[in-house]
Amino acid sequence: PAVHSHNFDNPGFKGVSEIPLGLYINGQFVDGKDGRTHPVVNPSTGKEITKISVASPADIDVAVAAARKAFDTVWGLNTPGHIRAKLLAKLAGIMEDHADEMAAVEALDNGKTFFWAKNADISASIECIRYYSGWADKIQGKTIETTNAKFCYTRHEPIGVCGQIIPWNFPLLMLAWKVGPALATGNCIVLKPSEITPLSAQLFAKYAHEAGFPPGVINVVNGFGHDVGAAIAEHMDIDKVAFTGSTLVGRKIMEAAAKTNLKKVTLELGGKSPNIIFDDCDLEAAVDWAAFGIFWNHGQTCCAGSRIFVHAKIYDQFMEKFVAKAKQIKLGDPFHPETKQGPQVSEAQFDRIMGYIESGKADGATVHHGGERFGEEGYFISPTIFGDVHPDMKIVKEEIFGPVGVVIKFEDDEDVIRQANDTVYGLAAAVFSKNINRAIETAHKLKAGTAWINSTNMLHHAVPFGGFKSSGIGRELGEYALANYTEVKAVHIHLGPTTS
Ligand code: TXE
C-alpha cells in the first residue's frame, strides 16, 4: 500500500503530509483483498487528489477477526482503564502536534475552510479524545441494596467489537465522537470513514498507530456504504454499530441489525432544525447567529438552522440584514484567509442541493439571495435565502444539507412552536429573545435533542448530542455516550445459607 505525499504551500499550512493509503487492519496498512482503489476528489476543483484503497466485505471479516482477537487478549477487560487513558491522551497529544497538517488535509478533502477545519473540526476532535481519556479510568458500576442475604453490584463492561460508520461533513470530528467513548470503555473498533472524505481518518490511523494502541484495537477500513457499510451493519460478530448519516441509511442499518444478531444500534441522522426569532431579540446578534446556523460548514451540518421563523414585527428588518449578511460571505479557495465558504463536498451533493433550489423556485418561493452556482469550477453554491414559502414545499419539509435557508413569518408564540415541531426530525432548535422566561419556556416545548437560546450550532464534548423522533437513537458526547459502549452486568452474591 502506498503513501500519498501532499505538498501544501499556502497561507494555511506549509509542509508535506504523508498520508497512508491502505486499509488499517490489525496494526498494519494493507491493500484490500481485491486490490481496488477509488479516487479522492478535491471539491474546490473537481480534480483527483489521489487514489485510496477500497475495502470489500471480505476485508471487514479480517478486520472484525483482528478486533475480536484484540478484545479477547490485549484490550477489553484485559487492559486497565489507566492504560487506556494514557494511550488516548498520547493520541490526543500527537494529533495536537499535527493539528495544522490534519486541518489542511481536511480542508483539501472536504472543502471546508482551513480556518474552521483547524479551529472547529481538528481542535474539537483533539479535545474530544482527551476528554474521553479522562473517563477511561472512571467507568463505574453501583452496589445495590436488596436483602441482608445478598450483595448485588453492577459492572459496566465493554460491549466488544463496535462498527462505526462515519459521514463526510465533519470527517474527523464524527470519528472522534465515536472512537473516544468506544476506546475509553475498552471496546475495539472497525471504523468506516465516508468514501467521499477518507483522508483525515487515514492520518488518524497513522497517529493512533504511533500512539501505540495494540494491533486490532483500532481498524480503519475505507469503503463504500452499499457493500462495506452494509457488511458492518450485517456482521454477526460485530456487537454494536454507531452511524451518522442520512435517515434513509439509518433505517437500513437498524433493519440489518434486526435481521442479523440484534447488535446495539445508535444513530445520528438528519434534521430540519427550527430557529425561532422573537420580536424582543437582539436583532443584530440574531442575524449573525441565524447566518452561522444555516451557512456554517456550507449548510452541511445535521443541526443546521434551516427553518428560520421570524416574528412579523421584525420580519422586514431581519430579512434586510440577513440578506446583507449573506452578501458578505466570501466564497472561494478554502485555504485563502478571507474565504468564509468553500465548495459543497461532492458533485452529487451539489446536484442534490441545486435540485432543491430549483424546486423552491418552481413552487413559487421568493429567492432573496443566491439560488445559483458560484464560479466555474468546483462545487460552490451561493448562500441562498428563500422567503414566501409554504409548509408543503419540499424546501420547507426536507433536509437540504446545503447553504439554503427558508425564512417564515409568524405572529403567535404557540403557533410558531406548533410549526417548529411540525417535522419528522428533532435534532436541534434555537430561540432568540431577551426575555429569558419566554426563551426558556419555548426551548422546553421544542421537540429536539438540543435547544439553543440566543445562539446556534454550539456543541461541546462534555454535553450530550442526539435526536428526538427520526433524527436518531442514543446520545453522543459527554458522560451519556459511555452508556452506548458498555453492557451492564448485574452480579448477585448470595450470602445466606439457603435458597430462601
Ligand atoms: O449519506 P449516507 P449521503 C444526509 C444529508 C445528505 C444526505 C445524503 O441530508 O444530503 O444524507 O448524503 C455510509 N449501509 N446526511 O448519501 O449515504 C456511507 O458510505 C451502511 C446527514 O452521502 O448516509 C457513509 O460512510 N452504510 C448526515 C455514511 O453512510 C452506508 C451526514 C453516510 O452516507 C450505506 C451525511 C449502507 N447501505 C449525510 N450506504 C448527518 N446526520 O450529519 C451509505 N453508507
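What counts, and at which threshold
- Residue indices follow the written sequence of each chain, beginning from 1 at its first position.
- With the structure being a predicted model, the display of local features is reserved for residues of pLDDT at least 70 and the display and counting of side-chain atom pairs for 80 or more, all residues being used for whole-chain, interface and lining totals.
- Heavy atoms throughout the structure, all of them, feed into the side-chain values; hydrogens and water do not.
- Only DSSP runs of H or I reaching four residues or more are called helices, and only runs of E reaching two or more are called strands; each is numbered from the N terminus.
- Based on C-alpha atoms, the radius of gyration is set beside the globule rule, defined as 2.2 Å times the residue count to the power 0.38.
- Exposure classes here rest on a 1.4 Å probe applied to the protein chains alone. A residue is buried below 20% of its type maximum, exposed above 50%, and partly exposed in between.
- Contacts are assigned to residue pairs that have any heavy atoms within 4.5 Å of one another.
- The protein chains shown are the only cover counted for residues, whose accessible areas, like all others here, come from Shrake-Rupley with a 1.4 Å probe.
- Only four residue types enter the charge count: Lys and Arg as positive, Asp and Glu as negative, with His and the chain ends excluded.
- Just so you know, the charge point we use is NZ for Lys, CZ for Arg, CG for Asp and CD for Glu.
- One heavy atom within 4 Å of a molecule or strand is enough for the residue carrying it to be called near that molecule or strand.
- Identification of polar contacts relies on pairs of N or O atoms within 3.5 Å, with a donor-acceptor requirement for protein atoms, meaning one able to donate a hydrogen and the other able to accept it, and with residues adjacent in sequence counted only if both atoms are side-chain atoms.
- In this scheme Phe, Tyr and Trp rings, the latter by its six-membered ring, pair at centre separations within 6.5 Å, and the angle between planes marks the pair as stacked below 30 degrees, edge-to-face above 60, and tilted otherwise.
- Comment: the charge-over-ring label is applied if NZ (Lys) or CZ (Arg) is within 6 Å of the ring centre and within 35 degrees of the ring normal.
- pLDDT runs from 0 to 100 and stands for how confident the predictor is about each residue.
- A pair of strands is considered paired only if DSSP assigns at least 2 bridges between the two.
- Geometry is summarised by axes, namely lines fitted to C-alpha atoms with helices restricted to the contacting stretch, and by angles between N-to-C directions that run from 0 to 180 degrees.
- Helix span, expected: 1.5 Å multiplied by one less than the number of residues in the helix.
- Handedness of a crossover: with both strands directed away from the viewer, a clockwise path from the first strand across the helix to the second marks it as right-handed.

### So, the overall build of the chain
A tally of regular secondary structure across the chain gives 14 helices and 22 strands. Expected size for 500 residues packed as a compact globule is a radius of gyration near 23 Å; at 24 Å, the chain falls within 12% of this value. With the C-alpha coordinates aligned to their principal axes, the bounding extent of the chain is approximately 75 × 60 × 40 Å. For the chain, the proportion of its 500 residues judged to be buried stands at 59%. Residue pairs at least 24 apart in sequence account for 72% of intrachain contacts in the chain once pairs closer than 6 positions are excluded. Carbon and sulfur atoms make up 54% of the accessible area of the chain, which amounts to about 20000 Å² in all. Charge-centre separation for the chain: the mean point of 48 positive side chains lies 4 Å from the mean point of 57 negative side chains.

### Let's talk about the site of the ligand
Around the ligand, 26 residues are found, and the nearest of them are Ile166, Trp168, Glu195, Ser246 and Glu399. In the model, an oxygen atom of the ligand is placed 2.6 Å from a nitrogen or oxygen of the tryptophan 168 side chain. A distance of 3.0 Å separates an oxygen atom of the ligand from a polar side-chain atom of glutamine 349. Within the complex, the protein chains bury 89% of what would otherwise be the 820 Å² of accessible surface of the ligand. Within the residue set of the shell around the ligand, elements represented by two or more residues are helix H7 (225-234), strand S12 (240-244), helix H8 (247-259) and helix H11 (347-362).

### A short note on the packing of aromatic side chains
For the coordinates displayed, the defined rule picks out 20 aromatic pairs. Taken together, the ring pairs in this structure connect Phe115, Trp116, Phe170, Trp289, Phe292 and Trp296 into an aromatic cluster. A cation over an aromatic ring shows up here: lysine 409 above the ring of tyrosine 315, its NZ or CZ 4.8 Å from the ring centre.

### Brief notes about unusual backbone geometry
Positive phi values are uncommon outside glycine, yet leucine 262 reaches one of about 50°. Mapping leucine 262 onto the fold places it in the loop between H8 and strand S13 (264-268). For leucine 262, a relative accessible area of 61% translates into the label exposed.

### Regarding helix H13 (residues 413-421)
Val416, Ile417, Gln419, Ala420 and Asn421 are the residues of H13 that are buried. Next to the buried residues of H13 lie strand S14 (274-277), strand S15 (307-311), strand S18 (404-410) and helix H14 (436-445). Between a side-chain oxygen at the N-terminus of H13 and the backbone nitrogen of glutamate 414 the separation is 3.3 Å; the capping residue is aspartate 412.

### Focus on the confidence of the model for the chain
Averaged over the chain, the pLDDT score is 97; the fraction of residues at 70 or greater is 100%. Confidence estimates for the predicted assembly give a pTM of 0.98 and an ipTM of 0.98.

### So, the sheet that holds strand S7 (residues 143-144)
One open sheet holds the three strands; their spatial order is S7-S8-S22, and the pairing between them is antiparallel. The outermost strands of the open sheet, each flanked by one partner alone, are S7 and strand S22 (486-494). Relative to S22, strand S8 (residues 150-158) runs antiparallel, the two being bridged by nine bridges. Bridge pairing in S22 places phenylalanine 151 opposite isoleucine 493.

### Let's talk about the sheet that holds S15
Strand order in the open sheet formed by seven strands is S16-S17-S18-S15-S14-S19-S20, and the pairing between neighbours is mixed. The open sheet is flanked by strand S16 (366-369) and strand S20 (450-453), the only strands paired with a single partner. With direction set aside, neighbouring strand axes in the sheet form an average angle of 25°. H13 rests against S14, S15 and S18 of the sheet, and its axis sits at about 175° to S15.

### Notes on helix H2 (residues 81-97)
The periodicity of an α-helix, 3.6 residues per turn, causes residues three or four places apart in sequence to face the same way. With 17 residues, H2 extends 24 Å from end C-alpha to end C-alpha; this agrees with the ideal 24 Å at 1.5 Å per step. Of all the residues in H2, the buried ones are Gly81, Arg84, Ala85, Leu87, Leu88, Leu91, Ala92, Ile94 and Met95.

### Details of the pairing of strand S9 (residues 161-165)
Counting buried residues along S9, five of its five residues qualify, which places the element largely inside the surrounding structure. Side-chain alternation along S9 places Val161, Gly163 and Ile165 on one buried face and Cys162 and Gln164 on a second face that is also buried. Summarising the sheet, S9 and strand S10 (residues 188-192) pair through five bridges and their orientation is parallel. Each residue of the ladder has a partner; that of glycine 163, found in S10, is valine 190. With helix H5 (residues 171-184) bridging S9 and its parallel neighbour S10, the resulting β-α-β unit is right-handed.

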